[in-house]
Amino acid sequence: PMSWWKGDRREQKKSLLDSRDEETPLPRDDGVHMHYTVEDAIEGAGFGRYQYRLLFMCGFCWMADAMELMLLSFLLPQAKLEFGLDDWAEATVGSVVFLGMMAGSYFWGYVSDRFGRKIGYVATAIFTAIFGLASAFSPDVYWLCVLRALVGFGLGGAPVCFSLFAEFLPAKNRGVPLILFELFWTVGTMAEAGMAWGVIPTLGWRWLLGLSTIPLFILIGFYPWMPESPRYLLTRGKHSEAVRELEKLCRVNGRQLPSGNLEPPPPVSTKWKIGELLSPNLRTLTLLLWVIWFANSFNYYGLVLYTPS
């Protein structure tokens, strides 16, 4: 009887594996149960309608943030004229935005790790929209600096949408989609430039600040359709919610979720220090990326923000 049971079990397993899609990763078998990981499910789901929809929603966030940064190019000369600013004061109005981004990037990174990518996504949009709109009513340059610094604090969380999109991409489909994602930044800068040319001569810079927040408020409306990262859900012990997100991913893309149980992620330390970026294993990569981003930001924002003046 025992040999018959083992043979029947092997036949059932073989039938199950043969019926699976060729591109769907095979679940692991520990001798008792079959398991699959989040990576297995995402690879099996492939790149399809689900990712295209997510690309639009996350890319729209990227576009809205680009508009808030690009408007500095048109705000600074107008604020200089209205408030009678000298060169140092004008530079301060632009610089406080980036000081806010420095603080916000760490804060929103913590929020997205602690409460989820979805919460981080909508919280940054709400925060940026509120203070972006409020800055249109600044009575003097001091209030303008404070409110634009808070806008920068909100913009510091913009990479949350990038992370959310990347976490749903199969390994073989990460290059082109992430480049397409960056196109939304270009669309945002072009849209802001077009709006500035039409609004400033007729309505003034305050209207430009107010109208530039419209995409952010639209972004908030996307919240009910935004997914949560299955990786985040698993790290928080929300196993059933992670399975539901993966089932939805596979269903929209017309694939099947791998058979078996979703495997929990390996345990990781919740204590993290920034000094770990300079550990022997990461030091070279960290320094290289810092230099690349410094050079890119120095040239990009130097040309974009101060050329109009």
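Source: prediction; values computed, not measured. (Residues numbered from 1 in each chain as written. Predicted model: local features only at pLDDT ≥ 70, side-chain atom pairs only at ≥ 80, totals over all residues. Heavy atoms only, no water.)

Here helix α13 (residues 239-252) spans 20 Å end to end across 14 residues, near enough to the 20 Å set by a 1.5 Å rise per residue. Looking at α13, one finds that the buried residues are A242, V243, E245, L246, L249, C250 and V252. Buried residues in α13 make contact with β2 (34-36), α2 (38-45), α3 (49-70), α12 (230-235) and β3 (261-262). Backbone geometry just after α13 places G254 at a positive phi near 75 degrees. (Helix = DSSP H or I, 4+ residues; strand = E, 2+ residues; numbered from the N terminus. Expected span 1.5 Å × (residues − 1). Buried < 20%, exposed > 50% of the residue type's maximum accessible area, 1.4 Å probe, protein only. Contact = heavy atoms within 4.5 Å.)

In this section: the pattern of salt bridges. If you walk through the whole model with that rule in mind, you get 7 salt bridges. The partner of E68 in a salt bridge is R148, and the shortest N-O contact between them spans 3.1 Å. Here the residue E68 occupies a position in helix α3, and R148 occupies one in helix α7 (residues 141-155), the gap between them amounting to 80 residues. Just as E68 is buried, R148 falls in that class too. Salt-bridge contacts for K80 lead to D87; the nearest nitrogen and oxygen are separated by 2.9 Å. (Salt bridge = Lys/Arg side-chain N within 4 Å of Asp/Glu carboxyl O.)

So, on to the environment of Y223. For Y223, the location among the structural elements is in the loop between α11 (214-220) and α12. On the basis of relative accessible area, Y223 is assigned to the partly exposed category, the value being 28%. Filtering out sequence-adjacent residues up to four positions away, Y223 remains in contact with K118, I119 and V122.

Residues L285, L288, L289, I292 and W293 make up a contiguous nonpolar surface patch of roughly 520 Å² in combined accessible area. Along the chain, I292 falls in helix α14 (residues 283-306). (Patch = residues over 30% accessible without salt bridge, like charges linked within 9 Å, V, L, I, M, F, W, Y side chains within 5 Å. Areas by Shrake-Rupley, 256 points an atom, 1.4 Å probe, with all protein chains shown as cover.)

The next thing to look at is the confidence of the model for the protein. Per-chain confidence: the protein averages 84 in pLDDT, with 86% of residues scoring 70 or above. pLDDT under 50 marks residues 1-24. Its contacts with residues more than four places away, or in other chains, come to 22 contacts. (pLDDT = per-residue confidence, 0-100.)

Before going further, it helps to examine the nonpolar core. Formed by 65 residues in total, the largest nonpolar core has its most connected members in C58, L69, Y121, F165, L219, L246 and L262. Sequence-distant contacts of Y121, defined by excluding residues within four places in its chain, comprise M57, C61, V160, C161, L219, F222 and M226. (Core = buried A, V, L, I, M, F, W, Y, C linked by side-chain atoms within 4.5 Å.)

Quick look at the packing of α3 against helix α9 (residues 175-199) now. Contact pair α3 / α9: the axes reach a minimum separation of 7 Å and the direction vectors enclose 40 degrees. What the angle tells us is that α3 and α9 run oblique. The two elements α3 and α9 cross, and the hand of that crossing is right-handed. Listed contacts from α9 to L55, F56, C58, G59, F60, W62, M63, D65, A66, M67, L69 and M70 of α3 are P177, L180, F181, E182, F184, W185, V187, G188, T189, E192 and M195. For the contact of α3 with α9, the residue count by class is 17 nonpolar, 3 polar and 3 charged. (Axes fitted to C-alpha atoms, helices over the stretch in contact; angles between N-to-C directions. Parallel < 35°, antiparallel > 145°, perpendicular 65-115°, else oblique. Left-handed = near helix turned anticlockwise from the far one by under 90°. Nonpolar A, V, L, I, M, F, W, Y, C, P; charged D, E, K, R; others polar.)

Its relative accessible area of 1% is what places E68 among the buried residues. The contacts of E68, once residues within four sequence positions are left out, are T128, R148, V151, L155, S212, T213 and L216.

Our focus in this paragraph is the packing of helix α5 (residues 87-115) against helix α6 (residues 117-134). It is at 7 Å that the axes of α5 and α6 come closest, and there the two elements cross at 140 degrees. As the angle between them shows, α5 and α6 are arranged oblique. In this structure, α5 contributes W108, V111, S112, D113 and F115 to the contact, and α6 contributes R117, I119, G120, A123, T124 and F127. Looking at the contact of α5 with α6 residue by residue, the class counts come to 6 nonpolar, 3 polar and 2 charged.

Our focus in this paragraph is a positive patch on the surface. Together, R49, R53, K248 and R251 give the surface a local cluster of positive charge. Sorting the residues of the positive patch by element identifies α3 and α13 as the ones contributing at least two each. Take K248: its relative accessible area is 31%, and that puts it in the partly exposed class. (Lys, Arg positive; Asp, Glu negative; His and termini not counted. Charge placed at Lys NZ, Arg CZ, Asp CG, Glu CD.)

A few words on the environment of E82. Mapped onto the fold, E82 is located in helix α4 (residues 72-83). Accessibility expressed as a relative area gives 43% for E82, which makes it partly exposed. It is 9.2 Å that separates the C-alpha atoms of E82 and D140, two residues lying 58 residues apart in sequence. For E82, the side chain forms a polar contact with the side chain of R206, separated by 3.0 Å. (Polar contact = N/O pair within 3.5 Å; in protein donor to acceptor, adjacent residues only side chain to side chain.)

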